[in-house]
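The lines below spell out each chain.
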Amino acid sequence: MLELSRVLNSTNGVLLSKSDEAIFTGVSTDSRKIRKDELFFALYGSNFDGHDFVLEALEKGAKGAVIERPLFLIPNGKVLIKVPSTLESLGDLASTWRRSFVNLRLAAITGSNGKTTTKEMASNILSLKFSVLKNTGNFNNLIGLPLTLLKLREGHNAAVVELGMNDFGEIRRLSEIAAPDIGAITNIGRAHLEKLGGIEGVVRAKAELVEGFTENKTFVTNMDDPWVKKIGGPIKCHKISFGIDTPQTYISAKDIETVEFSAVRFRMIVGGDKLPIRIRGIGLHNVMNALCAAGIAIAFGCNTDEIQAGLERFIPAYMRLEVMDTSFGFKIINDTYNANPDSMRRGVEELVRLKGSGRAIAVLGDMLELGMASEAEHRSLGEFLCDSKVDLVIAYGKQGEHVLEVLRGRAKGILAETHEEAAENLIKLAKEGDLVLIKGSRGMQMEKVIQRLFKE
């Protein structure tokens with residue numbers, strides 16, 4: 001329950017209405033989903049202005065609203081608070097709320113790939129010992145993280161959150177809000193290059209997570225990633241190292257093998273202990289995610305039995321290397337949630353590794369937010385597809401032609417103008433026993449290709 005005085009003190013807001021000490025049952029930024037006695041934050045978006053929906057939110061039961069510009073009509077009994085920035089104030093309120101839970105420890109995860117999977121694995125382990133809060137869906141940005149933290153309740157004693165970004169300063173601000181005790185960077189890859197400029201920019205942006213870490217913090221460090229290793233080098237905090245290729249890491253893995261389309265098995269080495277692990281789903285890179293999750297769990301004080309049991313409970317997230325059977329006789333790897341150059345290659349590697357006696361077919365949408373590097377990265381992807389011996393590529397998007405130009409004379413490629421056309425080509429050309437990877441950036445909505453395949 002949020003008291004009016006806490007909101008005013010946290011946000012330095014100015015009360016525009018006459019009100020006794022109000023109590024808010026929660027916070028919302030969506031007037032369509034507002035609940036009785038909640039506090040509505042009027043945010044600005046690229047296609048909307050929350051101030052246009054303040055009166056609607058109040059009429060639907062909100063007890064008050066936080067705004068940047070005054071309204072001419074203030075309904076009786078409602079609370080209006082004016083602040084310089086509603087987005088900043090939302091973060092400030094969440095920060096104050098999080099810090100009021102003095103016995104709660106929080107882990108924050110960022111990285112170019114694997115954030116969500118690692119978060120889910122870690123929360124599965126921690127939930128065996130703690131009452132855990134985690135963010136859901138895409139609630140990992142400057143809106144979603146505060147809304148997540150404002151769900152903290154008295155029973156919570158652990159939290160694990162992922163932090164997303166596409167520009168400098170965002171991870172720093174998210175870290176200020178979340179105040180993590182434990183930080184993890186899964187890996188550094190070529191993502192969000194449009195604003196970050198290059199891999200060095202990605203490193204700088206991700207390093208914001210741990211730039212303020214001191215002796216009482218823990219950094220779970222991927223020693224197989226040279227950029228993450230470099231970030232961790234000068235930081236004076238406790239470190240838990242993990243890796244597969246780097247010797248003498250605290251957490252490592254051996255004897256990695258796949259169980260067809262259902263699981264990955266390996267031996268995890270934690271200190272001197274060896275424990276058999278079985279993870280549901282495909283994706284050899286998920287072994288590294290599991291090692292990172294184990295490091296986070298160790299930082300919380302979990303033992304190896306809890307790590308083993310928690311990872312056994314892990315269920316892969318929707319649209320992330322999800323294997324699906326079709327009525328046409330071929331299988332699909334649904335990896336449509338998002339894509340960047342590194343995750344695209346990992347998806348192709350899984351496709352070729354698992355194709356068996358059938359053909360490997362890739363239905364690929366554009367990789368977005370690459371800026372000036374976009375054409376070169378899509379051409380590089382074309383080279384990778386050729387080297388990987390993918391049998392057929394169906395490309396969709398403005399950058400698809402750059403992928404296909406590299407394929408000409410070396411592999412078969414088709415450019416589709418629509419999701420429907422991509423699906424129709426797949427239905428016509430794929431045969432029983434083939435394996436199909438469908439992947440692209442979130443904005444490409446490649447799941448629509450799959451929806452067409454299952455349309456009756």
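Notes on the structure in this doc start here. Because the structure is a prediction, the values reported are computed rather than measured. Residue numbers restart at each chain and count upward from 1, following the sequence in its written direction. Where totals are concerned, whole chains, interfaces and linings use all residues; where local detail is concerned, this predicted model gives features only for residues with pLDDT of at least 70, and gives and counts side-chain atom pairs only at 80 or more. Note that water and hydrogens are dropped before the side-chain values are worked out from all heavy atoms of the structure.

**Examining the overall build of the chain**
Part 1 of the argument: Scanning the chain from N- to C-terminus turns up 16 helices and 22 strands.
Part 2 of the argument: The globule rule used here is 2.2 Å times the number of residues to the 0.38 power, and the radius of gyration it is set against is calculated over C-alpha atoms. Since a compact globule built from 456 residues should have a radius of gyration of about 23 Å, the 24 Å found for the chain is in line with a globular shape.
Part 3 of the argument: Based on the C-alpha atoms only, the size of the chain along its principal axes is roughly 75 × 55 × 40 Å.
Part 4 of the argument: Throughout, exposure labels follow a simple rule: accessible area from a 1.4 Å probe, protein chains only, divided by the maximum for the residue type, with under 20% read as buried, over 50% as exposed, and the rest as partly exposed. Burial status across the chain gives 56% buried among its 456 residues.
Part 5 of the argument: Contacts are residue-level and defined by heavy atoms, with any inter-residue pair within 4.5 Å sufficient. Sequence separation of at least 24 residues holds for 63% of the intrachain contacts in the chain that already meet a minimum separation of 6.
Part 6 of the argument: A total of about 20000 Å² of accessible surface is found on the chain, and carbon and sulfur atoms cover 49% of it.
Part 7 of the argument: Here the positive residues are Lys and Arg and the negative ones are Asp and Glu; neither His nor the chain ends is included. To locate a charge, take NZ of a lysine, CZ of an arginine, CG of an aspartate or CD of a glutamate. Side-chain charges in the chain split into 58 positive and 58 negative, and the spacing between the mean points of these groups amounts to 2 Å. Helix and strand assignments follow DSSP, with helices taken as H or I runs no shorter than four residues and strands as E runs no shorter than two, numbered in order from the N terminus. For the area figures, the Shrake-Rupley method with a 1.4 Å probe applies, and any residue is considered shielded solely by the protein chains shown.

**A look at the sheet that holds strand E7 (residues 79–82)**
Part 1 of the argument: A strand pair is defined by DSSP finding two or more bridges across the two strands. Sheet architecture is open: five strands sit in the order E2-E7-E6-E5-E4, paired in mixed fashion. One side of each edge strand has no neighbouring strand; the edge strands of this open sheet are strand E2 (14–15) and strand E4 (27–28).
Part 2 of the argument: Pairing between strand E5 (residues 39–41) and strand E6 (residues 64–67): three bridges, direction parallel. Note that in E6 the partner of Phe-41 across the bridge is Val-66.
Part 3 of the argument: With respect to the sheet, helix H1 (residues 4–11) is in contact with E2, E5 and E7, its orientation differing from that of E7 by roughly 10°.
Part 4 of the argument: Between N-to-C directions, angles span 0 to 180 degrees; the directions come from axes that are lines fitted to C-alpha atoms, helices contributing only their stretch in contact. Contacting E4, E5 and E6, helix H3 (residues 86–99) runs over the sheet at an angle of about 135° to E5.

**Section: the pairing of strand E17 (residues 322–325)**
Part 1 of the argument: Of the strand pairs in this sheet, E17 and strand E18 (residues 331–335) are connected by four bridges, and their pairing is antiparallel. From the neighbouring strand, Glu-322 faces E18, where its bridge partner is Asn-334.
Part 2 of the argument: Between E17 and the antiparallel strand that follows it, E18, lie five residues; Gly-329 among them carries a positive phi value of about 95°.

Purely geometric stuff here, so don't read any function into it on its own.
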